[in-house]
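Listed below, chain by chain, are the residues.
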Amino acid sequence: MKNLTFRNDILPLKDMLFRVALRIVQVREDAEDIVQETLLKVWNRRNSWADIEQIDAWCVTICRNLALDALRKRSFRQVAEMADTQQQADSSPTPLEETHHNDRVERVRQLIDTLPEKQRTCLQLRDVEGKSYKDIADILGITQEQVKVNIFRGRQAVRNKYQKIDEYGL
């Protein structure tokens, strides 16, 4: 494997990592913090870079996991804050509706987290990052057809599991 450097190989990924984090947490400041934390984690693991085949996919995975963790923490805080505040204007969703929505979103994220790593990564790069099939294939070192199959199977698995949970409960 080639000799990787932080400046030439990792640092150029910061814009892509920011977009991934921003799509998940939807707050610019939180996304910036997540990217910084991602870069710190990557730097602290610099001794193992040689063992990693796709450094950019590894970085995206770290960023995604940190963003999802931040979103979970924020979601818990929001639910607690909503319980303490009065209901807003009639046109805005009620705390119960927001809680149901947050629960559905969290359930989908949990279902995605149960997918095999390749499907999960393909879904993340395609649906969250907006990468093309070719870019995903290059990042993961697989063919475009394999990317399409992984995305299709991942979406299908999430949809089927979600429908079962929705129909029959947890």
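Above this note sits the structure.
First, a word on what this report is: a plain description of the structure on this page. Keep in mind it's a predicted model, so treat the numbers as computed, not measured.

Here's the deal with the packing of helix α2 (residues 14-25) against helix α6 (residues 117-128)
At step 1: Two elements in contact, α2 and α6, have axes whose closest approach is 10 Å; the angle formed by their N-to-C orientations is 85°. As the angle between them shows, α2 and α6 are arranged roughly perpendicular. On α6, the residues that touch Val20, Arg23 and Ile24 of α2 are Gln124, Asp127 and Val128.
At step 2: Class assignment of the residues belonging to the contact of α2 with α6 gives a composition of three nonpolar, one polar and two charged.

Structural notes on the packing of aromatic side chains
At step 1: Taken as a whole and judged by the stated rule, the model has three aromatic pairs.
At step 2: Judged by centre distance (6.4 Å) and plane angle (15°), the rings of phenylalanine 6 and tryptophan 49 are stacked. Linking phenylalanine 6 in helix α1 (residues 6-10) with tryptophan 49 in the loop between α3 (28-44) and α4 (55-84), this pair joins segments that are 43 residues apart in sequence.
At step 3: Residue classification places phenylalanine 6 among the partly exposed residues on the basis of a relative accessible area of 22%.
At step 4: For the ring pair tryptophan 43 and tryptophan 49, a centre distance of 6.4 Å and an interplane angle of 70° mean the geometry is edge-to-face.
At step 5: For tryptophan 43, a relative accessible area of 36% translates into the label partly exposed.
At step 6: In this structure tryptophan 49 comes out as buried when scored by relative accessible area, which is 5%.

Quick word on the packing of α6 against helix α8 (residues 144-168)
Geometry of a packed helix pair, given as the angle between the helix axes and the separation of the axes.
At step 1: Contact pair α6 / α8: the axes reach a minimum separation of 8 Å and the direction vectors enclose 95°. Here α6 is positioned roughly perpendicular relative to α8, judged by the angle of their axes. Residues Lys118, Gln119, Cys122, Leu123, Arg126 and Asp127 of α6 pack against Val147, Asn150, Ile151, Arg153, Gly154 and Arg155 of α8.
At step 2: Its residues placed into classes, the contact of α6 with α8 shows four nonpolar, three polar and five charged.

Conventions and cut-offs
Residues numbered from 1 in each chain as written. Predicted model: local features only at pLDDT ≥ 70, side-chain atom pairs only at ≥ 80, totals over all residues. Heavy atoms only, no water. Axes fitted to C-alpha atoms, helices over the stretch in contact; angles between N-to-C directions. Helix = DSSP H or I, 4+ residues; strand = E, 2+ residues; numbered from the N terminus. Parallel < 35°, antiparallel > 145°, perpendicular 65-115°, else oblique. Contact = heavy atoms within 4.5 Å. Nonpolar A, V, L, I, M, F, W, Y, C, P; charged D, E, K, R; others polar. Phe/Tyr/Trp six-rings, centres within 6.5 Å; stacked < 30°, edge-to-face > 60°. Buried < 20%, exposed > 50% of the residue type's maximum accessible area, 1.4 Å probe, protein only.

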